[in-house]
Amino acid sequence: MQAIPSHQLTRPTSPRPSLTIHVVCAWCDRPMRGEPQRAPAAQVSHGICHPCARQHFGIVL
Ligand SMILES: [Zn+2]
């Protein structure tokens, strides 16, 4: 019976899911961060773009 080396139990993993999150403006629905197009498999998060922030809230980002 062999003991399991401790480094095999605590294997340092750095999961980097290749998850694409597209950020679109919730007001004008335009992609932010200069993204050209919305990928089908991508998750969509909503933000607000600079023109809409200024137009709707008077905030200059
Ligand atoms: Zn916008």
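Residues numbered from 1 in each chain as written. Predicted model: local features only at pLDDT ≥ 70, side-chain atom pairs only at ≥ 80, totals over all residues.

Colleague: Explain the overall build of the protein here, please?
Modeller: Helix and strand counts for the protein stand at two helices and two strands. Secondary structure elements of the protein, listed N to C terminal, follow the sequence α-β-β-α. Per-residue burial over the protein gives 3% buried out of 61 residues. For the protein, contacts bridging at least 24 residues in sequence account for 19% of all contacts bridging at least 6. (Helix = DSSP H or I, 4+ residues; strand = E, 2+ residues; numbered from the N terminus. Buried ≥ 20, exposed ≤ 12 C-beta atoms within 10 Å, placed from the backbone. Contact = placed C-beta atoms within 7 Å.)

Colleague: Just to check I follow, could you spell out unusual backbone geometry for this structure?
Modeller: Glycine aside, a negative phi is what most residues show, and trans is what most peptide bonds show. Its identity is not glycine, yet Asp29 carries a phi of approximately 60°, on the positive side. Structurally, Asp29 is set in the loop between strand S1 (21-25) and strand S2 (43-47).

Colleague: What is the right way to read the environment of His56 from this model?
Modeller: Take His56: it is sitting in helix H2 (residues 50-57). Between the C-alpha atom of His56 and that of Trp27, which follows or precedes it by 29 residues, the distance is 9.1 Å.

Colleague: Can you walk me through the environment of His50 in this structure?
Modeller: Structurally, the position occupied by His50 is in helix H2. With 12 C-beta atoms packed within 10 Å, His50 lands in the exposed category. In this structure, the C-alpha to C-alpha distance between His50 and Met32, residues 18 residues apart in sequence, is 9.4 Å.

Colleague: Help me out: how do you make sense of the environment of Cys28 in this one?
Modeller: Within the secondary structure, Cys28 sits in the loop between S1 and S2. Sequence separation between Cys28 and Cys49 is 21 residues; the distance between their C-alpha atoms is 8.3 Å. Residues contacting Cys28, with those up to four places away along its chain left out, are Cys49 and Cys52.

Colleague: Teacher, can you tell me more about the confidence of the model for the protein here?
Modeller: When pLDDT is low, close inspection of the predicted coordinates is not appropriate. When pLDDT is averaged across the protein, the result is 78; 61% of the residues are at 70 or more. Predicted confidence in the protein is weakest over helix H1 (residues 6-9), with a mean pLDDT of 65, and strongest over H2, with 95. (pLDDT = per-residue confidence, 0-100.)

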